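Breakdown of the fold
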Amino acid sequence: MAEAVETMDGWYCLHDLRKIDWKKWKKTSKEEREEAIQEYQAMLEKWDNIREAREGSHALYTVMGQKADIILMILRPTMDELGEIELQFNKSKIAEYMIPSYSYVSVVELSKYMAKDEDNPEDNPGVRARLTPKLPDWDYICFYPMDKRREGFENWYSLSFDERRRLMYEHSFTGRKYAGRVKQIITGSMGFDDWEWSVTLFAKDVLDLKKIVYEMRFDEVSAKYGEFGPFYVGSILPNDKLPSYFSI
Ligand code: VOV
């Protein structure tokens, strides 16, 4: 009999991707552009303080290619706080020069596939820290949503718990080979968004992102059951680099 695995859920997560309307930006006066950047930096500094107080976390990256220009990943203890941030951002000056291109709503998720019967992983400080993570300031990000397949004989949701645990164990084994090189944040989004999970990977070497995704394609769980949405890859955009990023 298939039964759901218990999940542990942490901070709520919004991935907000925007394109920049460079044409409009270029037509704006220098003063207005400076004002918009300063307001944006002040907003980011406020979020930095929230990160320092461990009441949330965020990461801002530029995106390669034409799907978007920037990605903001933001984590907060409640979904309402994410809503407030989105609203505040939409009302800001800089947002007038940005066009929404994709967004994703989810919650940081760990499952109990590997938990031993006798212990409650939620009591473990390491687990608590992974549910409320401080996003790393590594140079590169890769974000994509994914599903577990539900077709014909390849139906993840009709596999037994033990079989799913075996497959996830194999998956974790591949992942651990990338310790120190790739950090993953898995968020669950059933009932929240169009796919079932989002995967956010951080790396110091951009090639490690390709290598891990490629290697995992051969894990049985990804080979048989993985279905993937659009991929976004980008580079970190620190607060102090905003003026040069927006300079024209
Ligand atoms: C950086 C490497 C890395 C490591 C160490 C790692 C480990 C683990 C562990 C131990 C576990 C299970 C317990 C838990 O923590 O939930 C998971 C869980 C999960 N993973 Fe993972 N994963 C990695 C990385 C990693 C990647 C690159 C992907 C994308 C897959 C691909 O083909 O593109 C992925 C996906 C997932 C998903 C969707 C889940 C939830 C599945 C579910 O059915 O619940 N993951 N993952």
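Rules of the game
- Residues numbered from 1 in each chain as written.
- Predicted model: local features only at pLDDT ≥ 70, side-chain atom pairs only at ≥ 80, totals over all residues.
- Heavy atoms only, no water.
- UniProt positions renumbered as here; feature names shortened; annotations may be inferred.
- Near = heavy atom within 4 Å.
- Polar contact = N/O pair within 3.5 Å; in protein donor to acceptor, adjacent residues only side chain to side chain.
- Helix = DSSP H or I, 4+ residues; strand = E, 2+ residues; numbered from the N terminus.
- Expected span 1.5 Å × (residues − 1).
- Buried < 20%, exposed > 50% of the residue type's maximum accessible area, 1.4 Å probe, protein only.
- Arc of directions from axis to C-beta.
- Contact = heavy atoms within 4.5 Å.
- Disulfide = S-S within 2.5 Å.
- 1 Å grid on protein atoms, 1.4 Å probe; cavity = no way out; pocket = protein on both sides within 12 Å on 5 of 7 lines; lining within 4 Å.
- Points joined across faces, edges and corners; volume = space filled by probe spheres on them.
- Nonpolar A, V, L, I, M, F, W, Y, C, P; charged D, E, K, R; others polar.
- Patch = residues over 30% accessible without salt bridge, like charges linked within 9 Å, V, L, I, M, F, W, Y side chains within 5 Å.
- Areas by Shrake-Rupley, 256 points an atom, 1.4 Å probe, with all protein chains shown as cover.
- Salt bridge = Lys/Arg side-chain N within 4 Å of Asp/Glu carboxyl O.
- Pairing = 2+ DSSP bridges.

As recorded in an unreviewed UniProt entry, the chain goes by the name Coproheme decarboxylase, listed as coming from Gracilibacillus halotolerans. For the record of the chain, the UniProt heading Sequence similarities (unreviewed entry) holds the text "Belongs to the ChdC family. Type 1 subfamily." Turning to the chain, the UniProt record has this under Pathway (unreviewed entry): "Porphyrin-containing compound metabolism; protoheme biosynthesis."

**What about the site of the ligand?**
In the vicinity of the ligand there are 23 residues, among which Ser 111, Tyr 144, Lys 148, His 171 and Ser 222 approach most closely. Within the side chain of Lys 148, a nitrogen or oxygen atom sits 3.1 Å from an oxygen atom of the ligand. For the shell around the ligand, the elements supplying multiple residues, two or more each, are strand E4 (98-111), strand E5 (140-148), helix H5 (161-176), strand E8 (182-188), strand E9 (197-203) and helix H6 (206-217). For the shell around the ligand, the leading source of residues is H5, giving five residues.

**Observations concerning H5**
With 16 residues, H5 should reach 22 Å at 1.5 Å per residue; the first-to-last C-alpha distance of 22 Å fits that figure. Burial in H5 covers these residues: Phe 161, Arg 164, Leu 167, Met 168 and Thr 174. Buried positions in H5, seen along its axis, are confined to an arc of 140 degrees and lie on one side of it. Turning to H5, the residues buried within the fold contact E5, H6 and helix H7 (220-225).

**Section: the state of the cysteines**
Tallying each qualifying case throughout the model produces zero disulfides. No disulfide involves Cys 142; its sulfur sits 14 Å from the nearest other cysteine sulfur, which is in Cys 13.

**Overview of the environment of Thr 62**
Note that Thr 62 resides in strand E2 (residues 57-63). We classify Thr 62 as buried; its relative accessible area is 13%. Separated by 32 residues in the primary sequence, Thr 62 and Lys 30 have C-alpha atoms spaced 22 Å apart. Contact partners of Thr 62, with chain neighbours within four places excluded, come to Asp 69, Ile 70, Val 233, Gly 234, Ser 235, Leu 237 and Tyr 245.

**A closer look at unusual backbone geometry**
Note on backbone geometry: most residues besides glycine have negative phi, and most peptide bonds are trans. The backbone phi angle of Arg 54 is positive, close to 60 degrees, even though this residue is not glycine. Here Arg 54 is to be found in the loop between helix H2 (30-52) and E2. The class for Arg 54 is partly exposed, based on a relative accessible area of 38%.

**Focus: the layout of surface pockets**
Of the voids in this model, the second largest pocket is the one considered here, and its volume is about 270 Å³. Lining the second largest pocket are 16 residues, with Arg 51, His 58, Asp 137, Ile 236 and Pro 238 sitting closest to its centre. Elements that contribute at least two residues to the lining of the second largest pocket include exactly H2 and E2. With four residues, the top contributor of residues to the lining of the second largest pocket is E2. Split by residue class, the lining of the second largest pocket holds nine nonpolar, two polar and five charged.

**Digging into a nonpolar patch on the surface**
The grouping of Met 64, Val 206, Leu 207 and Val 233 at the surface amounts to a nonpolar patch, some 310 Å² of accessible area in total. Mapped onto the elements of the fold, Met 64 is located in the loop between E2 and strand E3 (70-76). Looking at Met 64, the relative accessible area reads 47%, which means it is partly exposed.

**Let's talk about the pairing of E2**
Here is the key point about a regular strand: its side chains alternate between the two faces of the sheet. The buried fraction of E2 amounts to seven of the seven residues, a majority that puts the element mostly inside the structure. Side-chain alternation along E2 places Ser 57, Ala 59, Tyr 61 and Val 63 on one buried face and His 58, Leu 60 and Thr 62 on a second face that is also buried. Note that E2 and E3 share six bridges and pair antiparallel. The residue of E3 that forms the bridge with His 58 is Ile 74. The antiparallel hairpin formed by E2 and E3 contains six residues in its connecting segment, where Gly 65 sits at a positive phi of about 80 degrees. By the bridge criterion, three bridges tie E2 to strand E11 (residues 232-236) in an arrangement that is antiparallel. Of the residues in E11, the one forming a bridge with Val 63 is Gly 234.

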